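Survey of secondary and tertiary structure
Spelled out from the first residue to the last, the chains are:
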Amino acid sequence: MNGFIMKRFVGVISAFMLLSCLFGCGSDEGQLTTVALDKNGKITNTIYEDFSEEYYDVTELTQMTENEISTFNAERLTEKITLDSVDKISDGNAVKMVLKFATPTDYAEFNDTTLYFGTVQDALDRGFTISPDLIDENGLKINSDTVEDNKNNHIIITKDKSVFITPYNIVYSSNGVSLKGKKEAVLSSSTSEEIQLILSK
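In this report, we go over the structure that sits alongside the text. As the structure is a prediction and not an experimental result, all values here were calculated from the model.

Rules behind the numbers
- Residues numbered from 1 in each chain as written.
- Predicted model: local features only at pLDDT ≥ 70, side-chain atom pairs only at ≥ 80, totals over all residues.
- Heavy atoms only, no water.
- Salt bridge = Lys/Arg side-chain N within 4 Å of Asp/Glu carboxyl O.
- Helix = DSSP H or I, 4+ residues; strand = E, 2+ residues; numbered from the N terminus.
- Pairing = 2+ DSSP bridges.
- Contact = heavy atoms within 4.5 Å.
- Axes fitted to C-alpha atoms, helices over the stretch in contact; angles between N-to-C directions.
- Phe/Tyr/Trp six-rings, centres within 6.5 Å; stacked < 30°, edge-to-face > 60°.
- Buried < 20%, exposed > 50% of the residue type's maximum accessible area, 1.4 Å probe, protein only.
- Lys NZ or Arg CZ within 6 Å of the ring centre and 35° of its normal.

What to know about the pattern of salt bridges
- Inspection of every chain in the model, using the stated rule, returns seven salt bridges.
- Residue lysine 159 pairs with glutamate 193 through a salt bridge whose shortest N-O separation is 3.6 Å. Of the two residues, lysine 159 is situated in the loop between β6 (154–158) and β7 (163–165) and glutamate 193 in the loop between β10 (184–186) and β11 (195–199); the sequence distance between them amounts to 34 residues.
- Three or more residues joined by partner-sharing salt bridges are found here, namely Glu75, Arg76 and Glu109.

Re the sheet that holds strand β2 (residues 43–50)
- The seven strands are arranged β3-β4-β2-β1-β7-β10-β9 in an open sheet whose pairing can be described as mixed. Of all strands in the sheet, those with a lone pairing partner are β3 (81–88) and β9 (178–179), marking the two edges.
- Examined bridge by bridge, strand β1 (residues 34–37) and β7 share three bridges and lie parallel to one another. Within β7, the residue paired with threonine 34 across the bridge is valine 163.
- Against the sheet, helix α3 (residues 58–76) touches β3 and β4 (94–101), its axis set at about 170° to β3.
- Its contacts with the sheet put helix α4 (residues 104–111) on β1, β2, β3 and β4, and the angle it makes with β4 is roughly 130°.

A few points about the packing of aromatic side chains
- Counted according to the given criterion, the structure contains four aromatic pairs.
- Each ring, one from phenylalanine 72 and one from phenylalanine 110, has its centre 5.5 Å from the other, and the planes form 90°; the classification is edge-to-face. Residue phenylalanine 72 is located in helix α3, and its partner phenylalanine 110 is located in helix α4; the two are separated by 38 residues in the primary sequence. Across this residue pair, the class does not change: phenylalanine 72 and phenylalanine 110 are buried.
- Summarising the aromatic geometry, the rings of tyrosine 116 and phenylalanine 128 are spaced 5.3 Å apart at their centres and angled 40° between planes, so their arrangement reads as tilted. Separated by twelve residues along the polypeptide, tyrosine 116 in strand β5 (residues 115–119) and phenylalanine 128 in the loop between α5 (120–125) and α6 (144–149) bring together distant segments of the chain.
- An aromatic cluster of at least three residues, connected via ring pairs, comprises Phe72, Phe101, Tyr107 and Phe110.
- The ring of phenylalanine 72 carries arginine 76 above its face, with NZ or CZ at 3.5 Å from the centroid.

Here it is, written out as structure tokens:
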């Protein structure tokens, strides 16, 4: 299960406290935790985690998650998060959980992390600094002129090392980010504490 979500569940299911993997170390290639953003910033978070022990209980996990979401939404007087589904994978060794978030801010607050999605100009106005170490697909570093040219394009800034699926093509990324196609980035190997992805729009 997502490591940050785990912090909220500590003491409820002790088995999950033993998991050291952050952000869904799934049992095979197709089972990686993803954070998918749409053009409006809405997020679908698909979490995979080992669930092979007999004493793991999907019903209890579902109830626990629903309680956490209910508390979060009640504090904000509106529905910011929904639990879309909790399913045990057919091989019986993993569980898949899908959460939906209204905004990146809601995701960041619920998971105790950083997640910004907006234009480069707005990020600068909010006090973020665009890293001079961002590189394009050919390994060429970004420069001040490039930042200026991209001020109206979107940027993702996060400390979450999940797999990110973006609404636009990724044109610049932090060191160590592995791109899988034009709109998917694996952040787990990045050496940057705060990871940035500049998009094409």
